[in-house]
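An overview of the molecular structure
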Amino acid sequence: MDTRGMEGNEILNNYFKKTFKQTEQIIESNRPFFDSLNDISEICILGHSLSEVDFKYIETVSQHVGHNVEWKISYYRDHDINNHKSVMNKLNIKNTEYLKLQEM
């Protein structure tokens, strides 16, 4: 067995252990914050990619706010809006406005 391959695997495993988000644990440890969101009427998401790693956070927020909340989501590049719409559709969030950010 090649020890270099084993060392490489160990380095990669250590990297993922250090950088992996413990999403469920983070949400649970911040439960009071999420529970306090019931009076929110508008949510603005600025400069966020809405990537898969953050899906659970957005889902948790959406579960703690009313269905009439207005969501405003910024995007910078035209291809970003498709991802944003896909995420919001998966979460069944309908009251959403997409705002294109302008270059400075």
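First, a word on what this report is: a plain description of the structure on this page. (Residues numbered from 1 in each chain as written. Predicted model: local features only at pLDDT ≥ 70, side-chain atom pairs only at ≥ 80, totals over all residues. Heavy atoms only, no water.)

Below, the discussion takes up helix α4 (residues 55–64). The set of residues buried in α4 consists of Y57, I58, T60, V61, S62 and H64. Looking at the buried positions of α4, the neighbouring elements they touch are α2 (23–29), α3 (31–35), β1 (42–45) and β2 (70–75). (Buried < 20%, exposed > 50% of the residue type's maximum accessible area, 1.4 Å probe, protein only. Helix = DSSP H or I, 4+ residues; strand = E, 2+ residues; numbered from the N terminus. Contact = heavy atoms within 4.5 Å.)

On a regular strand, one side chain projects to one face of the sheet and the next to the other, so that they alternate. Of the pairings in the sheet, the one linking β2 to strand β3 (residues 96–100) comprises 5 bridges and is parallel in character. For S74, the partnering residue across the bridge sits in β3 and is L99. Tracing the backbone out of β2, into helix α5 (residues 78–90) and back to the parallel element β3 gives a crossover that is right-handed. (Pairing = 2+ DSSP bridges. Right-handed = clockwise from strand over helix to strand, strands pointing away.)

Time to look at the pairing of β1. Taking every second residue as pointing to the same face, the buried face of β1 carries I43 and I45, while none of E42 and C44 on the other face is buried. Note that β1 and β2 share 4 bridges and pair parallel. Bridge assignment links C44 to a residue of β2, and that residue is K72. With α4 bridging β1 and its parallel neighbour β2, the resulting β-α-β unit is right-handed.

Okay, unusual backbone geometry next. In this model, L50 sits at a positive phi of 50°, which is unusual for a non-glycine residue. Examined against the element boundaries, L50 turns out to sit in the loop between β1 and α4. With a phi close to 60°, N92 is a non-glycine residue in the positive phi region. Along the chain, N92 falls in the loop between α5 and β3.

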